[in-house]
Amino acid sequence: MMPKIIMILYYGICLLFVFITVRNLIQEKNSRNNVILYLVTLIPFILRLLRIK
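Because the structure is a prediction, the values reported are computed rather than measured.

Draft legend 1. Local environment of the overall build of the protein. When its secondary structure is counted, the protein shows two helices and zero strands. What you see for the protein is a C-alpha radius of gyration of 13 Å, clearly larger than the 10 Å of a compact globule of 53 residues, by over 25%. In terms of its C-alpha atoms, the protein occupies a principal-axis envelope of roughly 45 × 20 × 10 Å. Looking at the protein as a whole, 13% of its 53 residues are labelled buried. Of the accessible surface of the protein, which amounts to about 4700 Å², a share of 71% is contributed by carbon and sulfur atoms.

Draft legend 2. Molecular detail of the nonpolar core. Within the largest apolar cluster, five residues are counted, these being Cys14, Val18, Leu25, Leu42 and Phe45. Of all the secondary-structure elements, those providing two or more residues to this core are helix 1 (2-27) and helix 2 (32-49). Looking at this core element by element, the count peaks at three residues for helix 1.

Draft legend 3. Geometry of unusual backbone geometry. With a phi angle near 60°, Arg51 is a residue other than glycine that sits in the positive phi range. Mapping Arg51 onto the fold places it in the segment after helix 2. Given the relative accessible area of 59%, Arg51 is considered exposed.

Draft legend 4. Summary view of the environment of Leu47. Position of Leu47 among the secondary structure elements: in helix 2. Relative accessible area serves as the criterion here: at 34%, Leu47 is assigned to the partly exposed category. Counting along the chain gives 33 residues from Leu47 to Cys14, while the straight-line C-alpha distance between them is 9.9 Å.

Quick notes on the rules
Residues numbered from 1 in each chain as written. Predicted model: local features only at pLDDT ≥ 70, side-chain atom pairs only at ≥ 80, totals over all residues. Heavy atoms only, no water. Helix = DSSP H or I, 4+ residues; strand = E, 2+ residues; numbered from the N terminus. Rg over C-alpha atoms; globule rule 2.2 N^0.38 Å. Buried < 20%, exposed > 50% of the residue type's maximum accessible area, 1.4 Å probe, protein only. Areas by Shrake-Rupley, 256 points an atom, 1.4 Å probe, with all protein chains shown as cover. Core = buried A, V, L, I, M, F, W, Y, C linked by side-chain atoms within 4.5 Å.

Everything listed is a geometric property; what it means functionally is a separate question.
Written out as structure tokens, the structure is:
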């Protein structure tokens with residue numbers, strides 16, 4: 001029971017980070033370097049949500 005709760009919390013936190021990063025990515029209009037950094041940051045979180053290691 002406890003591992004399932006921890007797994008749900010883990011994926012919830014990953015989803016929160018993806019949401020915040022995508023929101024910042026959409027709002028970024030000045031620097032292409034920051035856009036690239038946001039995209040690079042998103043890759044591990046999206047892979048975790050898709051359960052790809």
